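# Tertiary structure, described
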Amino acid sequence: MSSPNTAATVAQILARAGIDRVFGLPGGEILVLMDELRRAGIDFVLMRHESNAGIAAAVYGKLRRQPGVVLTTLGPGAANLMLALSNSYLDAEPLLAISAQLPDDWPASHTHQRVPLLEAYAPVTKFRSKITAENVHEVLPRALTECMKRPYGPAYLTLSAREALEFTQGETVQAQVAHSNTAKGTSTRQSVADVIEDLRKAVRPIVLVGLGIDARNASRLRNWLDRWNLPVAVTPKVKGIVDERAANFVGVIGGMAADDLMVEGLRSADLRIGFGFDPVEVDKTWHAELPIRWVLESPNVDNIIPEGAMLTDHAEFLDIIGEQMPPAKWGKPFAQFQQRRETMLHDGESTAETMWPGDLIKELTSVMPPETIVTTDVGSHKYLFGQFWPSQLPETFWMSNGLSGMSYGLPAAIGAKCARPNVPVLAAVGDGGFSMNSQELETAKRIGAPFITVVLEDRSYSLIKLSQENKNLERYRTDFERIDAVKVAEACGVESLRTARPEELAASVSGALERNTALVVAVPVNYNDYRRLF
Ligand SMILES: Cc1ncc(C[n+]2csc(CCOP(=O)(O)OP(=O)(O)O)c2C)c(N)n1
C-alpha cells in the first residue's frame, strides 16, 4: 500500500483522536485537506465567518473534552482567526486552528496573500508549527495535547497546499488528547490541613470558584460546600458548578451586574479561598489587593501562578476535605448581600414598549429546563444574565469573559447545540452583537442545530453608552438604527417575533422548545433599566 499524503495523515490523526467535526470556511488551498477529512469520516461544518467557526469549534471541543478544530484558508481566512484564538487563549477553551499557508520555497516576489501567520499568532497560542510530511506525526499530536493542558487554550498549525500532497512516512499513532493537570506542588493532605486551619479562625469565609476548576469535580465541590454550609461565589464561566438556588450561594463575581455589591461583600469577608479562581475574568483590581488563599490545580491563564498558591489536585483535595467535620459554624454571614442582590431583580417593571430585564430572566427560567445551555454575547445583557440567570448544572453557561469579545454568543450556541443536540440552547445577545454575525442563523438551520435566540433590542451599544454617561461624556456615536432582527431571522429561514410582553415571550419559547425548532425573539428593552442592576 502506498503511503498517504500529508493531508490524509492529518485527517487520520484527527479521526483517531476522536475529532468528528471540523468547523471552517474554505479556500482553494485547503480543498485537498477538506476532502481527506471527508474521507476520514470527519464532517466539515461550513460557517459564514472564520471567527465564528473558531468560537463554535472551541465550545464544541470543550463540551466534548477534546480540542475543537477550525480550518481556514491562508491570508484573509487565517487573519480572521485572531478573535477566536484570543478568546480561546484568555477564556481557556481548547482550540486547534489549522490554516493553509504559502509554500516555503515560493519566490520572495510572490507576496500575494502572504501574512506571517505563525509569528502573528505566537503571543496568543500555546503551541504553533508548520506541518510538513516529515513532522506531521509529531506536531499534530503535540498540538492536540497542548490544547488540553490546563489551562486549556489554542494551538495553531499551517499546512501549505503543496505540502498537503507530499507523501508521509511512519505510522499514524493515536494522539493522546486527554486533559492533563500540572504536577502537584503542595501535598494534598497539607493543603487540606492549611485550609481547615484558616477556616477554623474565620467568621466570614467565602469560597471563590473560578475557571480553573474541572466541571467533573462539581459534585465533590457541592458535597463539601453544602455539608459545611460554606458561602460560595462563582465567576461567570463556571456558573452552574454549584446550584445557584442553594442557600449558601452568594452571587457571581467578575464584573457582572451588582458588581459593586459583590465586591463590597468580598471586602467584608475575613477569608477568601480562591478555588480554581482565575482573575482573567475580573475587570477590577480587588483580586490583587485582598489576600486570597489560592487552591489551584494548574496555573491560571497565561501561565500565571499567584504568589503563595497551593498547587494541588482538586479531586483529591475535595475527597479528603469532604469527609471531615467542619471546623466551625458560620451561619449566613452574607445574608444581607444575598438579600440585596435578590431585590435588585424586582426593582422595575415592564411597560407596553419595553420589557424589564428582571421579567425577561423570570419568564425564560420558567419555561427553559435546568439543563438548558445558555450562551451570551458581550454587553449589558451579559452582565444581566451573568449575575441573574440561576444556573443549576455544570457546563450550562457560556460567555466570553476573559477576552470579553462581542460576537461570541451566537456561534457559541451553534457549538453547544452540536455537542449536546438533546438539550435546549438559549443564546442571549444584544442588538449590536447580533448584527455582527446573525448570518450564522442560516448555518444553524442548515446543519440542523436549532436553538432559541433572544435579542435584547435597545438600538445602542448600551454598555458603552452607560459608560459614556458615567464618565460625564457626551453621548456620542453609541446609538444606531434598528436592523430588524425579525426580518433577519426570516431571511435565514428561522421563525421569529418581537414582543415586550413577558407572557408572550414565555409562550413563544415554550412552543419552540416543544416543536424543537429554532426561534428568534426580539425583545425591546430600555437601556436605562440596566442602571438599576449595575
Ligand atoms: C469585538 C468587540 N468590540 C467591541 C467591544 C466593546 N464593547 C463591549 S460591550 C459593547 C456594546 C455591546 O452592544 P450590544 O451588543 O447591543 O449589547 P448591549 O450592551 O446593548 O446589551 C461594546 C461595543 C467588545 N467587547 N468586543
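Let us look at the structure shown here. Fair warning: this is a prediction, and the values are worked out from it, not measured in the lab.

### Some words on the overall build of the chain
Tallying secondary structure elements over the chain gives 22 helices and 18 strands in all. In terms of overall dimensions, the chain has C-alpha extents of about 70 × 60 × 45 Å along its principal axes. Looking at the chain as a whole, 61% of its 534 residues are labelled buried. Of the accessible surface of the chain, which amounts to about 20,800 Å², a share of 51% is contributed by carbon and sulfur atoms. Averaging the locations of the 54 positively and 64 negatively charged side chains of the chain gives two centres separated by 3 Å.

### Points about the site of the ligand
Close contacts around the ligand come from 17 residues, with Ser380, His381, Gly432, Gly433 and Ser462 the closest. At 2.8 Å from an oxygen atom of the ligand is found a side-chain nitrogen or oxygen belonging to His381. Separating an oxygen atom of the ligand from a side-chain N or O atom of Asp431 is a distance of 3.0 Å. Isolated, the ligand exposes 590 Å² of accessible area, and the fraction of that covered by the protein chains is 79%.

### Some thoughts on the sheet that holds strand β10 (residues 271-275)
Sheet strands associate in pairs through backbone hydrogen bonding, adopting either a parallel or an antiparallel arrangement. Taken together, the six strands give an open sheet; going across it, the order is β9-β8-β7-β10-β11-β12, and neighbouring strands pair in parallel fashion. Strands at the two margins of the open sheet, each flanked by one partner only, are β9 (249-252) and β12 (310-311). Here strand β7 (residues 205-209) pairs with strand β8 (residues 232-234) via three bridges, running parallel. Paired with Val207 across the two strands is Val232, which belongs to β8.

### Some thoughts on the environment of His346
With respect to the helices and strands, the residue His346 is situated in the loop between α14 (335-344) and α15 (357-367). With a relative accessible area of 55%, His346 lands in the exposed category. Sequence separation between His346 and Asp359 is 13 residues; the distance between their C-alpha atoms is 8.2 Å.

### A look at the nonpolar core
Among the nonpolar cores identified, the biggest contains 89 residues, and Leu221, Trp224, Trp286, Leu360 and Phe385 are the most heavily contacted of them. Listed in part, the 50 residues of the second largest apolar core include Val70, Ile414, Cys418 and Val488.

### Some thoughts on empty space enclosed by the protein
Counted by the stated rule, this structure contains five cavities of 30 Å³ or more. Reported here for the largest cavity is a volume of approximately 380 Å³. Lining the largest cavity are 27 residues, with Lys62, Leu211, Ile213, Ala215 and Val238 sitting closest to its centre. The residue inventory of the lining of the largest cavity, partitioned by class, reads 15 nonpolar, three polar and nine charged. The volume enclosed by the second largest cavity comes to roughly 50 Å³. As for the second largest cavity, its lining consists of Asn229, Leu230, Pro231, Ala247, Asn248, Val250, Gly331, Lys332, Pro333, Phe334 and Gln338. Here the lining of the second largest cavity is built from residues that sort into six nonpolar, four polar and one charged.

### Quick word on the sheet that holds strand β18 (residues 519-524)
In spatial order, the strands read β14-β13-β15-β16-β18-β17; together these six strands make up an open sheet with parallel pairing. Edge positions in the open sheet fall to β14 (397-398) and β17 (495-498), since each of these has one partner strand only. The pairing of strand β13 (residues 373-376) with β14 spans two bridges and is parallel. Bridge pairing links Thr375 to Trp398 in β14.

### Concerning unusual backbone geometry
Following Arg150, the chain continues to Pro151 via a peptide bond in cis, the omega torsion being -10°. Position of Pro151 among the secondary structure elements: in the loop between α7 (136-148) and β6 (154-160). For Asn516, which is not glycine, the phi dihedral falls at a positive 55°. Counting through the fold element by element, Asn516 comes out in the loop between α22 (502-515) and β18.

### Examining the environment of Val45
If you trace the backbone, Val45 turns up in strand β2 (residues 43-46). Sequence-distant contacts of Val45, defined by excluding residues within four places in its chain, comprise Arg21, Val22, Phe23, Gly24 and Ile447.

### Regarding helix α3 (residues 50-64)
Helix length check: α3 (15 residues) gives 21 Å between terminal C-alpha atoms against 21 Å at 1.5 Å per residue, within 8%. Here α3 lies mainly inside the structure; 14 of its 15 residues are buried. Following α3 by one or two positions, Arg65 adopts a phi angle in the positive range, close to 55°.

### A few points about the packing of aromatic side chains
Enumeration over the complete set of coordinates arrives at 14 aromatic pairs. Each ring, one from Phe277 and one from Trp286, has its centre 5.5 Å from the other, and the planes form 15°; the classification is stacked. Across the pair, Trp286 and Phe277 agree in class, each one buried. The ring of Phe334 carries Arg204 above its face, with NZ or CZ at 4.8 Å from the centroid. When the ring centre of Phe397 is taken as reference, the NZ or CZ atom of Lys239 above it lies at 5.0 Å.

### Brief notes about the pairing of β13
Because side chains alternate across β13, one face comprises the buried residues Ile373 and Thr375, and the other comprises Val374 and Thr376, equally buried. Strand direction decides the pairing type here: β13 and strand β15 (residues 425-430), joined by four bridges, are parallel. Following the sheet pairing, Val374 is matched in β15 by Leu426. For the handedness criterion, the β-α-β arrangement of β13, helix α16 (residues 380-388) and β14 is classed as right-handed.

Calculation rules
- Residues numbered from 1 in each chain as written.
- Predicted model: local features only at pLDDT ≥ 70, side-chain atom pairs only at ≥ 80, totals over all residues.
- Heavy atoms only, no water.
- Helix = DSSP H or I, 4+ residues; strand = E, 2+ residues; numbered from the N terminus.
- Buried < 20%, exposed > 50% of the residue type's maximum accessible area, 1.4 Å probe, protein only.
- Areas by Shrake-Rupley, 256 points an atom, 1.4 Å probe, with all protein chains shown as cover.
- Lys, Arg positive; Asp, Glu negative; His and termini not counted.
- Charge placed at Lys NZ, Arg CZ, Asp CG, Glu CD.
- Near = heavy atom within 4 Å.
- Polar contact = N/O pair within 3.5 Å; in protein donor to acceptor, adjacent residues only side chain to side chain.
- Pairing = 2+ DSSP bridges.
- Core = buried A, V, L, I, M, F, W, Y, C linked by side-chain atoms within 4.5 Å.
- 1 Å grid on protein atoms, 1.4 Å probe; cavity = no way out; pocket = protein on both sides within 12 Å on 5 of 7 lines; lining within 4 Å.
- Points joined across faces, edges and corners; volume = space filled by probe spheres on them.
- Nonpolar A, V, L, I, M, F, W, Y, C, P; charged D, E, K, R; others polar.
- Contact = heavy atoms within 4.5 Å.
- Expected span 1.5 Å × (residues − 1).
- Phe/Tyr/Trp six-rings, centres within 6.5 Å; stacked < 30°, edge-to-face > 60°.
- Lys NZ or Arg CZ within 6 Å of the ring centre and 35° of its normal.
- Right-handed = clockwise from strand over helix to strand, strands pointing away.

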